[in-house]
Amino acid sequence: MAAAGFALAAALAAGTAHAGRSCEARRPTPQVIERGMQLAERTARALDAEHRRSGAQVVLLARAGQDLSKYGVHYSHMGWAYRTPEGHWRVAHKLNACGTAEGHVHRQGLGQFFLDDLWRHEAAWLVPSPEAQARLAAVLADRPRTLAMHQPTYSMVGYAWGTRYQQSNQWALETLAAAMEPAAVRTRGEAQAWLRSRGYEPAVLRVGPLTRLGARATAANVAFDDHPDRDRYAGRIATVTVDSAFGWMGRAGLGAAPVMLSLDGGRGSGP
């Protein structure tokens, strides 16, 4: 089974991560399945309501697979959820193959997206601007274009402005750049230049040397060597997070404020 994108806490604590869990083979409990499916069903209802209200056909959808609060991160992983002609919601997102340094782009239903032993049974989404939705919908309907920005070599702390590795949230934003400027953005470097030009700022995580050394030694999907030396030695790890993407899209006029839905706390504005 595939592993989720940016699950830093699990990797730093126990090696490789698997969508918010360790890589050990174990069957999900009935409670985990029930809660995940409840979250998926309520998210689908909320997205259907948003579609009826505004015509939304694409949203940036996030989940909370890990407790990343020590790094100032609320949500761990995001993908592009889109409405099919049949009226179902699917999610295109990049997943890291458990125990490896490879990632692959998958299309899954909401049930699969949330069917993990999540840290919080909470979903969050941001509705992009109508123009961004139209451009993203065209990309997501075309598999080669969906994969155009994909880099298989994976690090969950990939440098936001590097091309040696790519983590899941990085793929999502670079795909947005390619969708918005298809004539000018053909490479990952060009996608990152577009993001910079529009004011995107990655999150900067504080990761100490012992943590970095331990994670690199025990986890195939964690690498720090693409970060500038001065930042790496100072423990400043600039990478793409859901939180930074949500904040930037609002500031850049590319989307509305994020909405959060929790099985424990109802629905409201996101962080």
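I will try to describe carefully the structure that is included in this document.

Cut-offs used in this document
- Residues numbered from 1 in each chain as written.
- Predicted model: local features only at pLDDT ≥ 70, side-chain atom pairs only at ≥ 80, totals over all residues.
- Heavy atoms only, no water.
- Helix = DSSP H or I, 4+ residues; strand = E, 2+ residues; numbered from the N terminus.
- Buried < 20%, exposed > 50% of the residue type's maximum accessible area, 1.4 Å probe, protein only.
- Contact = heavy atoms within 4.5 Å.
- Areas by Shrake-Rupley, 256 points an atom, 1.4 Å probe, with all protein chains shown as cover.
- Polar contact = N/O pair within 3.5 Å; in protein donor to acceptor, adjacent residues only side chain to side chain.
- 1 Å grid on protein atoms, 1.4 Å probe; cavity = no way out; pocket = protein on both sides within 12 Å on 5 of 7 lines; lining within 4 Å.
- Points joined across faces, edges and corners; volume = space filled by probe spheres on them.
- Nonpolar A, V, L, I, M, F, W, Y, C, P; charged D, E, K, R; others polar.
- Salt bridge = Lys/Arg side-chain N within 4 Å of Asp/Glu carboxyl O.
- Phe/Tyr/Trp six-rings, centres within 6.5 Å; stacked < 30°, edge-to-face > 60°.
- Pairing = 2+ DSSP bridges.
- Axes fitted to C-alpha atoms, helices over the stretch in contact; angles between N-to-C directions.
- Parallel < 35°, antiparallel > 145°, perpendicular 65-115°, else oblique.
- Arc of directions from axis to C-beta.

### Some points on the overall build of the chain
Right, so step 1: Across its full length, the chain carries ten helices and ten strands.
Right, so step 2: The proportion of buried residues among the 271 residues of the chain is 55%.
Right, so step 3: Of the contacts formed within the chain by residues at least 6 apart in sequence, a portion of 69% connects residues at least 24 apart.
Right, so step 4: Accessible surface, the chain: about 11400 Å² in total, of which carbon and sulfur atoms supply 52%.

### Examining the side chain of Gln167
Right, so step 1: Of note, Gln167 is situated in the loop between helix 5 (143-146) and helix 6 (168-180).
Right, so step 2: Judged by relative accessible area, which is 0%, Gln167 ranks as buried.
Right, so step 3: A distance of 2.7 Å separates a polar atom in the side chain of Gln167 from the backbone oxygen of Val240.

### Some points on empty space enclosed by the protein
Right, so step 1: For the structure shown, the criterion picks out one cavity of 30 Å³ or more.
Right, so step 2: By volume, the largest cavity amounts to about 30 Å³.
Right, so step 3: Contributing to the lining of the largest cavity are Ala160, Trp161, Gln170, Leu173, Glu174, Leu195, Tyr200 and Val240.
Right, so step 4: Here the lining of the largest cavity is built from residues that sort into six nonpolar, one polar and one charged.

### Comments concerning the pattern of salt bridges
Right, so step 1: The final tally for this structure, using the stated rule, is nine salt bridges.
Right, so step 2: With a closest N to O distance of 3.4 Å, Glu122 and Arg120 form a salt bridge.
Right, so step 3: On the basis of relative accessible area, Glu122 is assigned to the buried category, the value being 7%.
Right, so step 4: With a shortest N-O distance of 3.7 Å, Arg198 and Glu181 are connected by a salt bridge. Of the two residues, Arg198 is situated in the loop between helix 7 (188-197) and strand 7 (203-206) and Glu181 in the loop between helix 6 and helix 7; the sequence distance between them amounts to 17 residues.

### Notes on the packing of aromatic side chains
Right, so step 1: Going through the model one piece at a time under the given rule, you end up with five aromatic pairs.
Right, so step 2: Seen in terms of ring centroids, Tyr75 and Phe246 are 6.3 Å apart; in terms of plane orientation they differ by 65°. Their pairing is edge-to-face. With a gap of 171 residues between them, Tyr75 in the loop between strand 2 (58-64) and strand 3 (77-83) and Phe246 in helix 10 (residues 242-251) connect regions that are remote in the sequence.
Right, so step 3: With relative accessibility at 0%, the residue Tyr75 sits in the buried group.
Right, so step 4: Members of the aromatic cluster, each reached through a chain of ring pairs, are Trp161, Trp194, Tyr200 and Trp248.

### Section: the environment of Glu41
Right, so step 1: For Glu41, the location among the structural elements is in helix 2 (residues 30-54).
Right, so step 2: The spacing of Glu41 and Gly111 is 70 residues in sequence and 7.6 Å in space, taken between C-alpha atoms.

### Considering the pairing of strand 3
Right, so step 1: Counted residue by residue, strand 3 has six buried out of seven residues, so it is predominantly covered.
Right, so step 2: In this sheet, strand 4 (residues 89-97) lies alongside strand 3 in antiparallel orientation, the contact comprising four bridges. Residue pairing for strand 4: Ala81 is matched across the bridge by Val91.
Right, so step 3: In this structure, the hairpin formed by strand 3 and strand 4 is closed by a connection of five residues, where Gly87 is found at a positive phi of approximately 95°.

### Topic: the layout of surface pockets
Right, so step 1: If you add up the space inside the largest pocket, you get close to 200 Å³.
Right, so step 2: In this structure, the largest pocket is lined by 16 residues; those nearest its centre are Glu50, Arg53, Ser54, Val127 and Ala256.
Right, so step 3: Secondary structure elements with two or more residues in the lining of the largest pocket: helix 2, strand 6 (120-126) and helix 4 (130-140).
Right, so step 4: Looking at which element gives the most residues to the lining of the largest pocket, the answer is helix 2, with three residues.
Right, so step 5: Looking at the lining of the largest pocket residue by residue, the classes come out as nine nonpolar, five polar and two charged.

### Brief notes about the packing of helix 6 against helix 7
Right, so step 1: At a closest axis distance of 9 Å, the pairing of helix 6 and helix 7 adopts a crossing angle of 85°. Between helix 6 and helix 7, the angle is such that the two are roughly perpendicular. Taking contact as the criterion, the partners of Gln170, Leu173, Glu174, Ala177 and Met180 in helix 6 are, on helix 7, Arg188, Ala191, Gln192, Trp194 and Leu195.
Right, so step 2: For the contact of helix 6 with helix 7, the class distribution of residues is six nonpolar, two polar and two charged.

### Focus on helix 4
Right, so step 1: The complete set of buried residues in helix 4 reads Ala132, Gln133, Leu136, Val139 and Leu140. All buried residues of helix 4 fall inside an arc of 125° around its axis, so they share one side.

### So, the environment of Arg35
Right, so step 1: Relative to the elements of secondary structure, Arg35 occurs in helix 2.
Right, so step 2: Taking C-alpha positions, Arg35 is 8.2 Å from Leu115, a pair spaced 80 residues apart along the chain.
Right, so step 3: Contact partners of Arg35, with chain neighbours within four places excluded, come to His121, Leu263 and Asp264.

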